[in-house]
Amino acid sequence: MSLIAQIAHFVQEGQENSAVQATRQALAAGCDLHALIDGLTTAMRQVGDRFERMEIFLPEMLLAARAMQAVMKLVEPEMARQAIKWEAKGTVVIGTVAGDLHEIGKDIVITMLRAQGFVVHDLGADVNALDFIRKAEEVGADVIGASALMTTTMPAQREIVELLKAKGLREKYHVILGGAPVTRQWVEQAGADSWGENAAQAVSLLEKVVERRRAHAAL
Amino acid sequence: MPPYKMWEIMERANSGPFCEDEAFIMDVFMPKMRQVIAKYGIAYDPANPVPADDALADAVWQAGVEFFGDVGVLNVDTHRIMRFDAAEIKEALYHVPGEYRVGYGKDARLFRQRAVEDAAPPFCIFSPDITCDEELFLPSCLAYLQEPLADGVCASILEESMGLKIKAGTPTELAGVIEHAMSLRQAAKLVGRPGLFLVAVGTAESDTGQIAVSNEEWGVRTSDSRLVGALTELKIDNELLNKAVHYQQFGCFTGSLTGPIYGGYAGRAEGTAVLQVAYHLMGLLVHQAHYQMNFPFHLHYTSNSGREMLWIVSISHQAVARNSRLLSVANGFLNAGPGTKMLLFEAAAHALTATVSGAHLWEAAPAHNKHKNYATPLEARLAGEVGHAAARQRLTRAQANDIVCQLLARYEPMIAHAPMGKPFPECYDVRTARPTAEYLALYREVKEEIAGLGLKFPY
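Residues numbered from 1 in each chain as written. Chains lettered and ligands numbered in written order. Predicted model: local features only at pLDDT ≥ 70, side-chain atom pairs only at ≥ 80, totals over all residues. Heavy atoms only, no water.

Draft legend 1. Up close: the layout of surface pockets. Roughly 1,300 Å³ of volume is contained in the second largest pocket. Residue lining of the second largest pocket: 46 residues in total, with Gln69, Ile110, Thr111 and Arg114 of chain A together with Glu22 of chain B positioned closest to the centre. Secondary-structure elements contributing two or more residues to the lining of the second largest pocket are α3 (33–52), α4 (58–81), α5 (104–115) and β2 (118–122) of chain A together with α2 (21–39) of chain B. Per-element accounting of the lining of the second largest pocket gives the leading share, 9 residues, to α4 of chain A. (1 Å grid on protein atoms, 1.4 Å probe; cavity = no way out; pocket = protein on both sides within 12 Å on 5 of 7 lines; lining within 4 Å. Points joined across faces, edges and corners; volume = space filled by probe spheres on them. Helix = DSSP H or I, 4+ residues; strand = E, 2+ residues; numbered from the N terminus.)

Okay, here's the thing in structure tokens:
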């Protein structure tokens, strides 16, 4: 097994120390960083797929994500040193809406988005509608993601869309909603753009959305 | 519980060991869960969704107690862990009275702890567990309150009040919670059960909303109950503590409402069961609750009628029933919607599993607990009847396991694509609050089929 394959394996298994050790060896041996990043991205996509099929569970996925982060801490300075540019798949600002403190669904989506190369700004829970927009403006986001677990906090999702309209920014961002009570009908009523029934679906949808938006912007 | 503990909780919420949210889950919660599952040899057995293994139930209890003691509960507002030592846990368990008289007048009921395979029927709380249109709220309350097996009722949740969308923590919520409380109280009087035990009000997400409805005349009374929840997993915040303290000071019965997630931080079935036991201790020590309301649910399906979920329901309730006097209620979360055979089979499987495992019943949340108006009292009626039948005939866990396996065979393959069914107004005559002839016939057909599996319904 190559060193890159070993690193990918350790990451998938959530073996942080072994992953870090193997990465140090790989970097010392001058490994191809593009190949390493590709290997890690594929490994984490497989982790996400196995999680969706319930072959592994959230603790295993979180340990894999933690190992991946530890590896990237070593790889990123080396990429900078070699002036290798890595383009994020997209930038997402995400949070649980005002009045709602439920975070697990949002956190699963964040883990999977980061694993697939998105830059994610997690605003946490109980986030005011305007704060989503301020952060999106600050970081030049492509997507705003708003999660709500309670029917009585869902109106705060619509408030984000309404504030975007009021500020003349509605077309600038793709707004995706999530949370157990959220349905396709609610997304339409709220005036949002899309809805992820589960984390994997949300990630795959956003990959396509950002690609489409960037292609459109390049025209 | 002695009231001085409330002050102890307030103090501990601000002065416990510091811990950030992510570290609490990654470095405290998850490693300890792995450790106790291995230490106590807990293993899920898909062949027996209703296990009859006392040693396993006791192991789940011991694992839950050790887990709770070592992990504690994180207050996310203060970033402090509230921990309780073994002596404090024993003290709290010692003081559990094991029974309460709830409701008032002729409608009062005894709500007491049940044992595994108890001959006493479960206390049945009927609840749609879902939102409904404002104009359907009163008819829905009337329909649920008319059910003779209902020892208590919890109403639907309002999304709108006077045409305004209710938003938590705003004046629209205050309007909605009062409409909810007054309509439910009015419905109880209309059906001639003014003193029935009510659990209210689900429309109030915020502490302010709950506090606004404490009123002996038109709102929630001291003979009623309120719920206070947790954040995923084993976390709380000051708003939840506000509710718990208010309920104590107002004097009503507190239910600790927790739903450990299968596939979430606790991992598989084993961890979810251990966590549910730990939540009983959180309810007792932090919320100082009078009963625990449990809705473990599947991460993908938001239900607990699947095989692994029934195992969790069964073994965690057995663990609690065998080792404490805690009152524990099992809340059915089902995949299919009203007006379908699948929903009725699921309701029966959940109620049967819970009843022989020592739980009380809270039925039921159909259609993945997701779709407005998709709940009726008829599926709750069948669940209650199954619970009464199983207790009255002293069904053993092994006998129940056999029946549950036969019920699972009827719906398990359809869980991922469960039929949505029909909303309340298509299953009930809204004007009379009675089921349609079509749904009633389906219910009778399914009840007969279940009787053929070995359940002896009293009527």
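Anyway, onward from the coordinates.
Draft legend 2. Just the pairing of strand β3 (residues 99–102) of chain B, in detail. All names here are of chain B. Alternating residues of β3 divide into Tyr100 and Val102, all buried, and Glu99 and Arg101, none buried. Here β3 runs beside strand β4 (residues 109–112); their pairing, made up of 4 bridges, is antiparallel. The residue of β4 that forms the bridge with Val102 is Arg109. Here β3 hands over to β4 after 6 residues, with Gly103 in that stretch at a positive phi of 75°. (Buried < 20%, exposed > 50% of the residue type's maximum accessible area, 1.4 Å probe, protein only. Pairing = 2+ DSSP bridges.)

Draft legend 3. Quick peek at the sheet that holds strand β13 (residues 235–236) of chain B. All names here are of chain B. The 3 strands lie next to each other as β2-β1-β13, forming an open sheet whose pairing is mixed. A single partner strand is all that each edge strand has here, and the edge strands are β2 (80–82) and β13. In this sheet, β13 lies alongside strand β1 (residues 73–75) in parallel orientation, the contact comprising 2 bridges. Bridging across to β13, Leu74 finds its partner in Lys235.

Draft legend 4. Region of the structure containing the pattern of salt bridges. All names here are of chain B. Taken as a whole, this structure holds 41 salt bridges over all chains when the rule is applied. The shortest N-O distance in the salt bridge between Arg12 and Glu8 comes to 2.5 Å. Of this pair, Arg12 and Glu8 both sit in helix α1 (residues 4–15), 4 residues apart, roughly one helical turn. Residue Glu88 pairs with Arg12 through a salt bridge whose shortest N-O separation is 2.6 Å. On the criterion of sequence distance, the pair formed by Glu88 in helix α4 (residues 86–94) and Arg12 in helix α1 is long-range, its members being 76 residues apart. Through salt bridges that share partners, Asp54, Asp58, Glu117, Arg322 and Arg397 make up one connected network. (Salt bridge = Lys/Arg side-chain N within 4 Å of Asp/Glu carboxyl O.)

Draft legend 5. Broad picture of the packing of α2 of chain B against helix α3 (residues 54–71) of chain B. Residues and elements named next belong to chain B. α3 packs onto α2 with a crossing angle of 155° between their chain directions and a minimal axis gap of 10 Å. Considering their axes alone, α2 and α3 lie roughly antiparallel with respect to each other. For the pair α2 and α3, the sense of crossing is right-handed. Here Phe24, Val28, Phe29, Lys32, Met33, Gln35, Val36 and Lys39 of α2 lie close against α3, whose contacting residues are Ala63, Glu66, Phe67, Asp70 and Val71. Considered class by class, the residues forming the contact of α2 with α3 number 8 nonpolar, 1 polar and 4 charged. (Axes fitted to C-alpha atoms, helices over the stretch in contact; angles between N-to-C directions. Parallel < 35°, antiparallel > 145°, perpendicular 65-115°, else oblique. Left-handed = near helix turned anticlockwise from the far one by under 90°. Contact = heavy atoms within 4.5 Å. Nonpolar A, V, L, I, M, F, W, Y, C, P; charged D, E, K, R; others polar.)

Draft legend 6. Looking closely at the pairing of β2 of chain A. Residues and elements named next belong to chain A. Across 5 bridges, the pairing between strand β1 (residues 90–96) and β2 is parallel. Looking across to β2, one finds that Val93 is bridged to His121. Assessed by its sense of winding, the connection that carries the chain from β1 through α5 to β2 is right-handed. (Right-handed = clockwise from strand over helix to strand, strands pointing away.)

Draft legend 7. Fine view of the packing of α3 of chain B against helix α10 (residues 307–323) of chain B. Residues and elements named next belong to chain B. Axis separation between α3 and α10 bottoms out at 8 Å; the angle between their running directions is 80°. By the angle between their axes, α3 is roughly perpendicular relative to α10. Contacts from Asp54, Leu56, Ala57, Asp58, Val60 and Trp61 in α3 reach Trp311, Ile315, Gln318, Ala319, Val320, Arg322 and Asn323 in α10. A per-class count over the contact of α3 with α10 returns 8 nonpolar, 2 polar and 3 charged.

Draft legend 8. Looking closely at the packing of aromatic side chains. Residue and element names in this part refer to chain B. Overall, the coordinates contain 13 aromatic pairs over all chains when judged by the stated rule. Aromatic side chains Phe295 and Phe333 sit 5.2 Å apart centroid to centroid with 25° between the ring planes, which places their arrangement in the stacked category. In this pair, Phe295 is assigned in the loop between β16 (291–294) and β17 (297–298) and Phe333 in strand β18 (residues 328–333), connecting sequence segments 38 residues apart. Comparing Phe295 with Phe333 shows no difference in burial state: the two are buried. Each residue in the set Tyr100, Phe111, Phe123, Phe197, Phe253 and Tyr291 is aromatic and connected to the rest through ring pairs, giving one cluster. Over the aromatic face of Tyr443 sits the side chain of Arg381, whose NZ or CZ is 5.4 Å from the ring centroid. Positioned above the aromatic ring of Phe345, the side-chain terminus of Arg410 is 5.6 Å from the ring centre. (Phe/Tyr/Trp six-rings, centres within 6.5 Å; stacked < 30°, edge-to-face > 60°. Lys NZ or Arg CZ within 6 Å of the ring centre and 35° of its normal.)

Draft legend 9. Expanded view of the state of the cysteines. All names here are of chain B. One pass over the full model with this rule turns up 0 disulfides over all chains. Free of any disulfide, Cys124 has its nearest neighbouring cysteine sulfur in Cys154, separated by 15 Å. The buried category is assigned to Cys154, whose relative accessible area is 9%. (Disulfide = S-S within 2.5 Å.)

Draft legend 10. Just the environment of Tyr439 of chain B, in detail. Residues and elements named next belong to chain B. In this fold, Tyr439 is placed in helix α15 (residues 437–451). Put simply, Tyr439 and Cys427 are 12 residues apart on the chain and 6.0 Å apart in space, counted from C-alpha to C-alpha. Of the polar contacts made by the side chain of Tyr439, one reaches the backbone nitrogen of Gly339; its length is 3.4 Å. Of note is the side chain of Tyr439, whose polar atom sits 2.7 Å from the side chain of Glu379. (Polar contact = N/O pair within 3.5 Å; in protein donor to acceptor, adjacent residues only side chain to side chain.)

Draft legend 11. View of empty space enclosed by the protein. Residue and element names in this part refer to chain B. This model, assessed by the stated rule, comprises 5 cavities of 30 Å³ or more. If you add up the space inside the largest cavity, you get close to 60 Å³. Among the secondary structure elements, those contributing two or more residues to the lining of the largest cavity are α9 (269–285) and β16. No other element matches α9, which puts 3 residues into the lining of the largest cavity. Residue composition of the lining of the largest cavity, by class: 5 nonpolar, 4 polar and no charged.

Draft legend 12. Here's a closer look at the confidence of the model for chain B. With 99% of its residues at a pLDDT of at least 70, chain B reaches an overall mean of 96. Interface predicted TM-score (ipTM) for the complex: 0.89; the corresponding pTM is 0.94. (pLDDT = per-residue confidence, 0-100.)

Draft legend 13. Region of the structure containing the sheet that holds β16 of chain B. Residue and element names in this part refer to chain B. Reading across from one edge, β11-β7-β5-β19-β18-β16-β14-β12 is the order of the 8 strands in this open sheet, with parallel pairing throughout. A single partner strand is all that each edge strand has here, and the edge strands are β11 (197–198) and β12 (225–228). Two elements, strand β14 (residues 253–258) and β16, share 4 bridges in a ladder whose sense is parallel. From the neighbouring strand, Leu257 faces β16, where its bridge partner is Met293. On top of the sheet, α10 reaches β16 and β18; it is set at about 170° to β18, its chief contact.

Draft legend 14. Region of the structure containing the interface of chain B and chain A. Counting residues at the interface gives 30 residues for chain B, matched by 34 residues for chain A. Of the roughly 2,700 Å² buried between chain B and chain A on both sides combined, carbon and sulfur atoms contribute 63%. Counting the surface chain B buries against chain A, the share from its top three residues, Lys167, Tyr265 and Lys370 of chain B, is 21%. If you look at where chain B meets chain A, you find 3 salt bridges. (Buried area = accessible area lost by both parts, 1.4 Å probe.)

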